[in-house]
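A structural walkthrough
Each chain, written out:
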Amino acid sequence: MKLYTQNHITAIYLLLVVLLAGIPSSVNAQTKTLRTHLSAVHKKDPQETLVYIVGQDDEGYFALKSRVAGIVGNKVQYSLEKYDYSSRLLASQVLELMDDSGRATRSFSEVVLMLDGQLYLFHNVIDTDDKSRKLYAQKLDSYDLAALGQPRLVARLSYAGTSRANSGNFGYGLSPDGRLLLLTSYGPLGRDGLRSQSTQVLDSDFEELYRIGGPRAQQDEITIPTSYDMDNDGNLYVLSKIYDRTLRDSRNGEPNYKYELTSYWNGGKDVRTYEIEDGGYFLTQMVTSVLASGDIICVGFYGDRDLDDIQGSFHLQIDKETRKTVSREFSKFDVEFLGQNLNRRKKKRIARRDDAGKDNELTDYELYDIIQRKDGGLYLVAENAFWRYGANNGALNNNLGARDIQYIHNDIVVISMTAKGEVEWRQKIAKRQQSTNDNGHYLSYAVQLVNDELYFVFNDDPRNLEYDGKGKVFRYGRQNNDVINMVHLTKSGAQSRHLLYSLQDAKVIARPKIHRQISEDLMVIYCELLRKERFLTLSFE
């Protein structure tokens, strides 16, 4: 589900504000030029961090920031900033928190969304008097970011019978056009490991259109919703895992769950359940999407042992009326793809296992999303991403009994599929990244889809700029000569690498996870280092 609405910026305005470096790119017989722009350096408080880019209007885009406060860092202060499309700061506002009576209050967490073109601050507070968590929505002015009127109480969760630390939380989503709000209330965690859960579809006035419940335990089955998709009419599609008796993914080497898809149409009155046929495979990861026809596609990875190992991809299409699977494609990874970016010894090992009839697999890949193309096909994008405990190297950590946490983000996998689910090609984008005790802030990537071609941006070691699939891939690890790299992936699967900026020139490092695709031809990526921050803009014309 797209979380925010997207407005298009005029080409004339882009020509004025994005005028730095040009990299030509052939796109669908039409040549487009990539232009990059680094904003002026902004001073930054070391205790402050940008949480995410909220959205945009005709004047610019909005960013939510948090700042640790208090003597022991036990308070968090939030602020909202607005930038124009050359990333000049237009307005900044500390977010003052009030309840519905106008009294100042301390927030447990804060989210800013653009609902139907209007900025709203959502913050929830603990009410110890009646043991409830209350969610408020505060309208904000999009010009100076000031609060407008009084906050409105949107939802309430009771945590009676449990503690404040186990009082539940809220989750948010928007329809593709940004007019409807999907609000999920997660109750306290029960002794059985389940939470009470209620999902509402609300209009822009916070009026409830309908509500559904979950998870649920019924006889020997436990149903856990894993993802939600909502269209512009408020029709909802919920993908769930149904476990057999216990919340374990596998039992005796076999899957202990199956997937089920449920749709809610016509204000939740028309409820339909779709069984997802697994074809006898262990479906380890899955994402869903609703096509323009109303049919549903389920795409992901499969294996035969556990959730960490994948051996191939699948594509299922379900007819919206008959609820039957009308097309089914399972495609096993071939030896050439599995060996891509590996050294000669590892490639030989994969070939020997294949010759002996043994399975080969990829391990620790995280499926992020389906990227739909204009031609009806799609890209499946995953990243080799995981964390592990490292050695105790710091005296402070040793004294506290803590262990270092290492964050690893390596190769990106891209699989191109036709509208019918047939695999056209598979590619690995070589990447090696690792950091310690920083939540992987500078790792992973940002991706932009332009005329059905992909552009990946990530921090890298400069020696990888000439990487052609052979030789060693050097690890990025926060060195003085780091670079911001871009990999262009064409519709045919061809890769090319381009230097965007070096750390020595930019004075900042990209935070790829914090980015915003404003339109098909414009993306903004946040960059920072110590007391400096900048915004990197990529535009195509």
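This write-up is about the structure you can find in this document. Computed from a predicted model, the values in this text were never measured in an experiment. (Residues numbered from 1 in each chain as written. Predicted model: local features only at pLDDT ≥ 70, side-chain atom pairs only at ≥ 80, totals over all residues. Heavy atoms only, no water.)

A few points about the pattern of salt bridges
Tallied over the full model, the rule gives 29 salt bridges. Between Arg152 and Glu207 there is a salt bridge, and its shortest N-O distance comes to 3.3 Å. Here Arg152, found in strand β11 (residues 147-158), pairs with Glu207, found in the loop between β14 (195-202) and β15 (208-213); they are 55 residues apart in sequence, far enough to count as distant. A relative accessible area of 35% means that Arg152 is categorised as partly exposed. Relative accessible area serves as the criterion here: at 42%, Glu207 is assigned to the partly exposed category. Arg272 is the salt-bridge partner of Asp270, the closest N and O atoms lying 3.5 Å from each other. (Salt bridge = Lys/Arg side-chain N within 4 Å of Asp/Glu carboxyl O. Helix = DSSP H or I, 4+ residues; strand = E, 2+ residues; numbered from the N terminus. Buried < 20%, exposed > 50% of the residue type's maximum accessible area, 1.4 Å probe, protein only.)

Points about empty space enclosed by the protein
This model, assessed by the stated rule, comprises 1 cavity of 30 Å³ or more. What the largest cavity holds in volume is close to 40 Å³. The residue inventory of the lining of the largest cavity, partitioned by class, reads 6 nonpolar, 1 polar and 1 charged. (1 Å grid on protein atoms, 1.4 Å probe; cavity = no way out; pocket = protein on both sides within 12 Å on 5 of 7 lines; lining within 4 Å. Points joined across faces, edges and corners; volume = space filled by probe spheres on them. Nonpolar A, V, L, I, M, F, W, Y, C, P; charged D, E, K, R; others polar.)

Thoughts on the packing of aromatic side chains
Under the counting rule described, the total for this entry stands at 23 aromatic pairs. Consider the rings of Tyr120 and Phe122, whose centres lie 6.3 Å apart with planes at 45°: the pair is tilted. The class of Tyr120 is buried, set by a relative accessible area of 9%. Ring centres 5.7 Å apart and planes at 65° place the aromatic pair Tyr302 and Phe330 in the edge-to-face group. Taken together, the residues span a long stretch of sequence, with Tyr302 in strand β24 (residues 296-303) and Phe330 in strand β27 (residues 325-332) at a distance of 28 residues. Among the aromatic side chains, those forming a connected cluster through ring pairs are Tyr61, Tyr83, Tyr85, Tyr526 and Phe535. Positioned above the aromatic ring of Phe474, the side-chain terminus of Arg463 is 3.8 Å from the ring centre. (Phe/Tyr/Trp six-rings, centres within 6.5 Å; stacked < 30°, edge-to-face > 60°. Lys NZ or Arg CZ within 6 Å of the ring centre and 35° of its normal.)

A short note on the side chain of Gln311
Inspection of the secondary structure assignment puts Gln311 in the loop between β25 (309-310) and β26 (312-318). Residue contacts for Gln311: discarding those within four places in its chain leaves Tyr302, Gly303, Asp304, Lys332, Phe333, Asp359, Asn360 and Glu361. (Contact = heavy atoms within 4.5 Å.)

Considerations on the pairing of strand β6 (residues 75-84)
Within a regular strand, side chains alternate between the sheet's two faces. Counted residue by residue, β6 has 7 buried out of 10 residues, so it is predominantly covered. Judged from the 10 bridges that link them, strand β5 (residues 60-69) and β6 form a sheet pairing that is antiparallel. Its bridge partner lying in β6, Arg67 is registered against Gln77. Relative to strand β7 (residues 89-94), β6 is paired through 5 bridges, and the arrangement is antiparallel. (Pairing = 2+ DSSP bridges.)

Considerations on the layout of surface pockets
In this structure, the second largest pocket occupies an estimated 830 Å³ of space. If you trace the second largest pocket, you find 31 residues lining it, with Leu338, Leu342, Lys346, Lys428 and Arg432 closest to the centre. Taken together, the elements giving at least two residues each to the lining of the second largest pocket come down to α3 (344-355), β28 (362-363), β30 (378-389), β31 (405-417) and β33 (433-436). Residue contributions to the lining of the second largest pocket peak at 6 residues, all from α3.

Remarks on the side chain of Ser444
Relative to the helices and strands, Ser444 is located in the loop between β33 and β34 (446-450). Residue class for Ser444 comes out buried when judged on its relative accessible area of 5%. Reaching out from Ser444, the side chain makes a polar contact with the side chain of Glu383 at a distance of 2.9 Å. For Ser444, the contacting residues outside a window of four places in its chain are Tyr368, Glu383, His409, Lys431, Gln433, Val457, Phe458, Pro512 and Lys513. (Polar contact = N/O pair within 3.5 Å; in protein donor to acceptor, adjacent residues only side chain to side chain.)

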